[in-house]
Amino acid sequence: MSQNNKYLTALKAAFPYTIPIFAGFTFLGMTYGIYMNVSGFSFWYPMLMSMTIFAGSMEFVAVNLLLGAFNPVQALAMTLMLNARHLFYGIAMLDKYRGTGLKKIYLIFGMCDESFSINCTAQVPEGVDKGLFMFFVTLLNQLYWVCGATMGGIFGSLIHFNTEGLDFVMTAMFVVIFLEQWLKEESHVSSLLGLGLSALCLIAFGPDQFMIPAMAAILGVLLLLKKVLEKGGVAI
Amino acid sequence: MTLTQRILTIAVIVLGTMLTRFLPFLLFPAGKPTPKAVHYLGSVLPGAVFGLLVVYCLKNVSLFTGSHGLPELISIALVVLLHLWKRQMLLSIAGGTACYMLLVQFVF
């Protein structure tokens, strides 16, 4: 009884946080499934790839890689570059994922942008098991994504309704999460650096190549400012 | 590509993705003390990462052609205002998304 309650309480606490992702992932997942469908792949591909890769942007790129000539080295290099941001998530979650037992393996496996963002910022209510809360956030998000991708793969071109602009739900969610972080942090130096350095790199390197330089710049400047930021001396 | 080559390609992508997710946890296991610099980065990175993610979402917006990024700018302003006003995550996200959809479907 109490065992069941523990799971149900955590699931109930986690679900509301995942509603925007339900909208976003169902839509984006379906887009991905349809894209694979019209590229000539059966629904098994989007279904199994969304289960095992579970990194949205990489799965879209994977379609092109699968359509091209066989080149595993290039595929690996692309994957590492596109997903390098996960390294940052891992470093930020080292403490939070500590002590979650076996669930930790799944938490790390399923650490996409959205699950990371929620697990990093959500205030887990009193009496709710933190590990279980984060587990359900991750699991629900992956469920939405896999269902969307599979449906897109099966129904493919049958779907006709005007969803133009629905993908903005993800942008809106990241803006809200950025704002939540902004409202609770004492110094805004890191947030401002993240926005500013990324924007500068985007202008300098263009949309397809700016992520790695932006991450390097953020890492470099944050390390340079270590002494200042650790003291909490500046409150911008 | 043959089926085997396809499976190999997907396996490589899975492996690469997992490497980026597991590496920090393998390098700094729970049992050992984490280096001070890494611990510091873990505490200051979230703010910067969310800034990076916002820019990442907007990377394909062109300021000089098409709608000049106006639908995005207006909708983000609405998200921020709604959120500062009610601080209801779902309301802010739904409001901003609905606004964006109306703008790109009917106005721009």
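Keep in mind the model is a prediction, meaning the values are calculated, not measured. Within each chain, residue numbers correspond to sequence positions counted from 1 in written order. Note on labels: chains are lettered from A, ligands numbered from 1, in written order. Since the coordinates come from a predicted model, pLDDT governs what is reported: local features require at least 70, and pairs of side-chain atoms require 80 or more to be given and counted, while whole-chain, interface and lining totals use all residues. Think of the side-chain values as coming from all heavy atoms in the structure, minus any hydrogens and water.

Engineer: Please set out the overall build of chain B residue by residue, giving values where relevant.
Structural biologist: A count of helical and extended segments in chain B gives four helices and zero strands. The N-to-C order of helical and strand elements in chain B reads α-α-α-α. Here chain B, with 108 residues, has 46% of them falling under the buried criterion. Only heavy atoms enter the contact rule, under which two residues are in contact if any of them lie within 4.5 Å. Sequence separation of at least 24 residues holds for 35% of the intrachain contacts in chain B that already meet a minimum separation of 6. Residue burial considers only the protein chains on display, and all accessible areas are found by Shrake-Rupley using a 1.4 Å probe. On chain B, roughly 5,700 Å² of surface is accessible, and the fraction owed to carbon and sulfur atoms is 72%. Every helix listed is a DSSP run of H or I at least four residues long, and every strand listed is a run of E at least two residues long, numbered separately from the N terminus. Each residue is assigned to one of three classes by its accessible area relative to the maximum for its type, calculated with a 1.4 Å probe on protein chains only: buried under 20%, partly exposed between the two thresholds, exposed over 50%.

Engineer: Before we move on, could you go through helix α10 (residues 189–205) of chain A and cite the residues and values that matter?
Structural biologist: Residues and elements named next belong to chain A. A rise of 1.5 Å per residue sets the reference length of α10, with its 17 residues, at 24 Å; its end C-alpha atoms lie 23 Å apart and thus fit the reference within 8%. Turning to α10, its buried residues number three or more, namely Val189, Ser190, Ser191, Leu193, Gly194, Leu197, Ser198, Cys201 and Leu202. Phi turns positive, to about 85°, at glycine 206, one or two residues after α10. Each residue after the first adds 1.5 Å to the expected span of a helix.

Engineer: Any details on the domain arrangement of chain A? Residues and values, ideally.
Structural biologist: Residues and elements named next belong to chain A. We note that the domain assignment places domain 1 (2–166) and domain 2 (185–236) within chain A. Each of domain 1 and domain 2 has a C-alpha centre, and these two points are 26 Å apart. Summed over both partners, the accessible surface that disappears when two parts come together, traced with a 1.4 Å probe, is what is meant by buried area. Summing both sides of the interface, domain 1 and domain 2 together bury roughly 440 Å²; the carbon and sulfur share of this comes to 92%. We define a salt bridge as a contact between a side-chain nitrogen of Lys or Arg and a carboxyl oxygen of Asp or Glu at a distance within 4 Å. On the surface where domain 1 and domain 2 come into contact, there are zero salt bridges. Counting of polar contacts relies on pairs of N or O atoms within 3.5 Å, with two restrictions inside protein: one atom must be capable of donating a hydrogen and the other of accepting it, and residues adjacent in sequence are counted only when both atoms are side-chain atoms. On inspection of domain 1 and its partner domain 2, the count reaches zero residue pairs in polar contact (both at pLDDT 80 or more). For the purposes of this description, domain bounds are those given by an automatic or database domain assignment.

Engineer: Give me the side chain of threonine 18 of chain A: which residues, what numbers.
Structural biologist: All names here are of chain A. As for its position among the elements, threonine 18 is in helix α1 (residues 2–38). A relative accessible area of 0% places threonine 18 in the buried class. Side chain to side chain, threonine 18 and tyrosine 144 meet in a polar contact 2.9 Å long. Not counting residues within four places of it along the chain, the set of residues in contact with threonine 18 comprises Val137, Leu140, Asn141 and Tyr144.

Engineer: Tell me about the nonpolar core, and please be specific about residues and values.
Structural biologist: Soluble globular proteins: nonpolar side chains tend toward being buried together. Counting 93 residues, the largest nonpolar core has Met49, Phe116, Phe210 and Leu222 of chain A as the members making the most contacts within it. The biggest single contributor to this core is helix α2 (residues 36–57) of chain B, with 13 residues. If sequence neighbours within four positions are ignored, phenylalanine 210 of chain A has contacts with Ser198, Cys201, Leu202 and Phe205 of chain A together with Leu52, Val55, Tyr56 and Lys59 of chain B. Only buried residues count toward a nonpolar core, which is a set of Ala, Val, Leu, Ile, Met, Phe, Trp, Tyr and Cys residues joined through side-chain atoms within 4.5 Å.

Engineer: Would you mind going over the interface of chain A and chain B in detail, with residue names and values included?
Structural biologist: On the side of chain B, 66 residues touch chain A, which itself brings 90 residues to the contact. For the pairing of chain A and chain B, the buried interface totals around 7,000 Å² over both sides, and the portion due to carbon and sulfur atoms is 79%. When residues of chain A are sorted by the area they lose upon contact with chain B, Phe70, Leu94 and Phe168 of chain A head the list and together hold 10% of the total. Applying the counting rule to chain A against chain B returns one salt bridge. Among the salt bridges present, the one from glutamate 180 of chain A reaches arginine 87 of chain B, with a minimum N-O distance of 3.0 Å. With 15 residues, the single largest contributor to the side of chain A that touches chain B is helix α9 (residues 168–184) of chain A. Classification convention: Asp, Glu, Lys, Arg as charged; Ala, Val, Leu, Ile, Met, Phe, Trp, Tyr, Cys, Pro as nonpolar; all other residues, Gly among them, as polar. Residues belonging to the side of chain A that touches chain B are distributed by class as follows: 62 nonpolar, 19 polar and nine charged.

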